[in-house]
Structures are given as C-alpha cells and as structure tokens.
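Here are the chains, one letter per residue:
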Amino acid sequence: MRKALGRFASGVTIVTTAESESEDNVHGMTANAFTSVSLDPPLVLVSISTRARMDTKIAETGRYGVSILAGDQEPLSLHFAGGTQQPDLVRFVWRTGVPLLEGALVHLACTVIDSHPAGDHTLHVGRVDQLWYDDGRPLVFYTGSFRALELQGRDDGWGF
Ligand code: FAD
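Parameters at a glance
- Residues numbered from 1 in each chain as written.
- Predicted model: local features only at pLDDT ≥ 70, side-chain atom pairs only at ≥ 80, totals over all residues.
- Heavy atoms only, no water.
- Near = heavy atom within 4 Å.
- Polar contact = N/O pair within 3.5 Å; in protein donor to acceptor, adjacent residues only side chain to side chain.
- Areas by Shrake-Rupley, 256 points an atom, 1.4 Å probe, with all protein chains shown as cover.
- Helix = DSSP H or I, 4+ residues; strand = E, 2+ residues; numbered from the N terminus.
- Pairing = 2+ DSSP bridges.
- Buried < 20%, exposed > 50% of the residue type's maximum accessible area, 1.4 Å probe, protein only.
- Arc of directions from axis to C-beta.
- Contact = heavy atoms within 4.5 Å.

1. Things to note about the site of the ligand
Consideration 1: The environment of the ligand is made up of 23 residues, and the closest members are H27, T30, S49, H79 and Q85.
Consideration 2: Between an oxygen atom of the ligand and a main-chain N or O atom of T30, the distance comes to 2.8 Å.
Consideration 3: Between the ligand and the protein, one listed contact pairs an oxygen atom with a side-chain N or O atom of Q85 at 2.7 Å.
Consideration 4: Here the ligand loses 74% of its free accessible area of 990 Å² to cover by the protein chains.
Consideration 5: Elements represented by at least two residues in the shell around the ligand include exactly β3 (26-31), β5 (43-49) and α2 (53-61).
Consideration 6: Counting residues per element, the shell around the ligand draws most heavily on β3, at six residues.

2. Overview of the sheet that holds strand β1 (residues 10-11)
Sheet strands pair via backbone hydrogen bonds, and the direction of the pair is either parallel or antiparallel.
Consideration 1: Reading across from one edge, β1-β11-β12 is the order of the three strands in this open sheet, with antiparallel pairing throughout. Of all the strands in the sheet, just β1 and β12 (145-148) have a single pairing partner and so form its edges.
Consideration 2: Pairing between strand β11 (residues 139-142) and β12: four bridges, direction antiparallel. Residue pairing in the sheet places F141 in a bridge with F146 of β12.

3. Remarks on α2
Consideration 1: Those residues of α2 that sit buried are M54, D55 and I58. For α2, the arc enclosing every buried residue in end-on projection is 105°, short of the 170-degree limit, so these residues lie on one face. Looking at α2, the residues exposed on the side facing more than 90 degrees away from the buried face are R53, A59 and E60.
Consideration 2: The inward-facing, buried residues of α2 contact β2 (13-18), β3, β5, β6 (63-68), β9 (106-118) and β10 (121-133).
Consideration 3: One or two positions beyond α2, positive phi appears at G62, with a value near 70°.

Have a look at this one:
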C-alpha cells in the first residue's frame with residue numbers, strides 16, 4: 001500500500017486543534033491524507049490514525065485547522081511528525097479560535113460535521129468556516145520524500 005499510494009504526489013499539511021485559544025492547549029501533527037470534499041457547502045477531510053493523539057483531540061474539540069505548507073517548511077513537517085524537533089520555528093496564528101501555522105500557503109479553520117471510522121484511521125469531515133491563502137510554492141511529498149514543485153509550461157492553470 002505505501003509503495004503504490006506513495007506514488008500519488010501530495011502537498012503536506014499541519015493539522016492543529018486546541019481546547020481554548022491558548023498556546024498551551026494547541027496540538028499539531030503532520031498529515032498528507034487531506035482532501036477537498038465539497039464546494040457547496042465547503043467541506044474537506046483529514047484521515048487521522050487512531051493511534052495518533054490528534055484523533056482523540058479532534059473528537060474532544062470538534063474543530064481543527066489545516067495549514068498547507070510552503071516549500072521552505074519541511075523542518076516544520078518533520079517537527080510535527082515527531083522527527084527532528086524545531087520548537088523555535090513553531091509560531092501559531094489564530095482564525096475563528098483555531099490555531100494555524102505562520103508562513104503556510106493556505107489556512108483553513110474547520111468545524112467537524114462528521115467522523116467516520118475507516119480501518120485504522122478516522123475520516124474527520126470538516127466544514128470550512130474561514131479560509132485564507134497566499135501565493136508561493138508548496139511543499140510536495142512523493143514516494144516518502146519531500147520535493148519541490150517544478151512548473152511546466154505557463155503558470156496560469158486555473159482555466160478548467
Ligand atoms: P505527537 O506524535 O505526540 O506529536 C507530533 C509532534 O508535534 C511532536 O513532535 C510534538 O513535539 C509536536 N507538537 C504537537 N503540538 C505542538 C505544539 N503545540 N507546539 C509545538 N510542537 C507541537 N499520520 C496520519 O494519521 N495521517 C496522515 O495523513 C499523515 N500524514 C503524514 C505525512 C507526512 C509527510 C509525515 C512525515 C507523517 C504523516 N503522518 C500522518 C504521521 C504523523 O504525523 C505522526 O504519526 C505524528 O507523530 C502523529 O502525531 P500525534 O497526534 O500522535 O502527536
């Protein structure tokens with residue numbers, strides 16, 4: 001499964017949640033099992049391992065943030081995956097009471113509307129309450145490695 005599905009290139013996100021608007025209560029983790037689900041209403045989902053602390057945290061708070069990482073944020077993705085710790089790089093901004101990572105390309109503040117058990121993961125479907133985005137290059141994950149995105153042709157791909 002890992003070798004086959006690792007050939008589906010993805011971006012990298014940090015999923016965050018907090019019981020209250022205080023930095024002491026924030027919990028974050030790296031996730032690439034993130035997808036857009038619906039435009040109207042605006043829904044996304046994250047697939048979280050039942051072994052991750054995040055799974056229980058989201059069930060408790062009923063809200064989560066998704067920060068889609070920029071190309072220079074690989075150290076943060078390692079930090080929030082339990083790898084090399086870089087606490088000095090971690091800075092949160094708050095949107096509608098949800099913590100998000102400073103410097104990310106996109107911020108989504110979500111309220112959980114459904115959580116589906118799915119094997120050893122839980123699919124947490126979130127309604128997007130507020131979003132924000134910036135231009136820039138994303139961090140890319142492919143075959144278990146972090147990559148940079150290389151543009152082919154013209155950089156105006158919104159015509160579909
Ligand atoms: P922990 O392992 O306890 O914490 C995660 C890390 O975040 C720790 O290093 C901790 O120091 C740091 N941290 C947490 N809160 C804060 C805070 N407030 N301030 C500073 N640091 C903090 N797992 C999935 O379930 N789904 C996925 O889609 C997924 N995708 C992944 C994609 C990539 C590219 C990688 C590298 C890993 C992915 N993982 C995924 C694995 C997941 O990131 C790890 O298993 C993670 O350790 C699980 O986090 P946890 O909730 O158990 O918390």
